[in-house]
Amino acid sequence: TALEHWAFRACSSMEQLRFAGGLQVIGAEALSGTAAASFVLPDGMTTLEDGAFNGSFELKEINLPDSLTTVGENPFQRCDLLTDIRISPDHPVLEMKDGVLFSKTDHRLISYPTGAEAESYTIPEGTEIIGANAFSDHEFLYSVTFPEGLKEVGYGAFSSCKGLTEI
C-alpha cells in the first residue's frame, strides 16, 4: 500500500512503473531521480509526501487522482521538464491555477512547475502560504509578485532561483 521513503531513489534508468491497485502513499523522495516521462497515479491513492519525484528530470506530465488528499512539500522539485500537472476541476482539495498547483484547504501554493518558462508570476489573491521549495531551482523566473494577505513563505521556497531579481 506504500512506497516508502527513497524506495526507487536515483533509479535513473527506470522509465516505467505501473502502480497496482491499493497503493495509497508515495513516501518522501520515493521516486526521485527516476527517468519516467509521465505518471498516472492510481485512484485510491491518498498521500504524496515531500519531494516524491524530486529531480525526476524526464518527468513532463503527471495525473493526480481525486482521492489524493495530502500533498507534502513540493513533490515535483527539480522536475525540469514538468509543465503538465493534471487534476480534475472538481478535485476536493487541490486545484490548478494557470498551471500552478495549489491546496484549497490551507490556501497554499504547492508547486510552481520548474519547466514553466514564464519570466514573471503574480501569485493569486487568497494565497496565504508559499509552500516549502515551491519555486526552488527555477531558471526562467525573474520576478514574483506577492498577494495581499500572504502569511508565510516556506523553507527554501525560492532557493536556487538563479534569475530571480525582483519580488
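Our structure's up above, just so we're on the same page.
Residues numbered from 1 in each chain as written. Predicted model: local features only at pLDDT ≥ 70, side-chain atom pairs only at ≥ 80, totals over all residues. Heavy atoms only, no water.

**Quick word on a nonpolar patch on the surface**
Part 1 of the argument: Taken together, the side chains of F146, V153 and I167 make up a nonpolar region of the molecular surface, amounting to roughly 270 Å² of accessible area.
Part 2 of the argument: Relative to the elements of secondary structure, I167 occurs in the segment after β14 (152-153).
Part 3 of the argument: Given a relative accessible area of 59%, I167 falls into the exposed group. (Patch = residues over 30% accessible without salt bridge, like charges linked within 9 Å, V, L, I, M, F, W, Y side chains within 5 Å. Areas by Shrake-Rupley, 256 points an atom, 1.4 Å probe, with all protein chains shown as cover. Salt bridge = Lys/Arg side-chain N within 4 Å of Asp/Glu carboxyl O. Helix = DSSP H or I, 4+ residues; strand = E, 2+ residues; numbered from the N terminus. Buried < 20%, exposed > 50% of the residue type's maximum accessible area, 1.4 Å probe, protein only.)

**Comments concerning the sheet that holds strand β12 (residues 129-130)**
Part 1 of the argument: Strand order in the open sheet formed by five strands is β8-β9-β10-β12-β14, with mixed pairing between adjacent strands. With partners counted over all chains shown, the strands left at the sheet margins are β8 (94-97) and β14, one partner each.
Part 2 of the argument: Here two bridges tie strand β10 (residues 108-111) to β12, and the two strands are oriented parallel to one another. Directly across from R108, in β12, lies its bridge partner I129. (Pairing = 2+ DSSP bridges.)

**Comments concerning the pattern of salt bridges**
Part 1 of the argument: On inspection of all chains with the given rule, the structure shows six salt bridges.
Part 2 of the argument: With a shortest N-O distance of 3.5 Å, E61 and R86 are connected by a salt bridge. In this pair, E61 is assigned in strand β5 (residues 61-63) and R86 in strand β7 (residues 84-86), connecting sequence segments 25 residues apart.
Part 3 of the argument: Classification of E61 as partly exposed rests on a relative accessible area of 28%.
Part 4 of the argument: For R108, the salt bridge identified is with D106, shortest N-O distance 3.0 Å.
Part 5 of the argument: Through salt bridges that share partners, E61, D84 and R86 make up one connected network.

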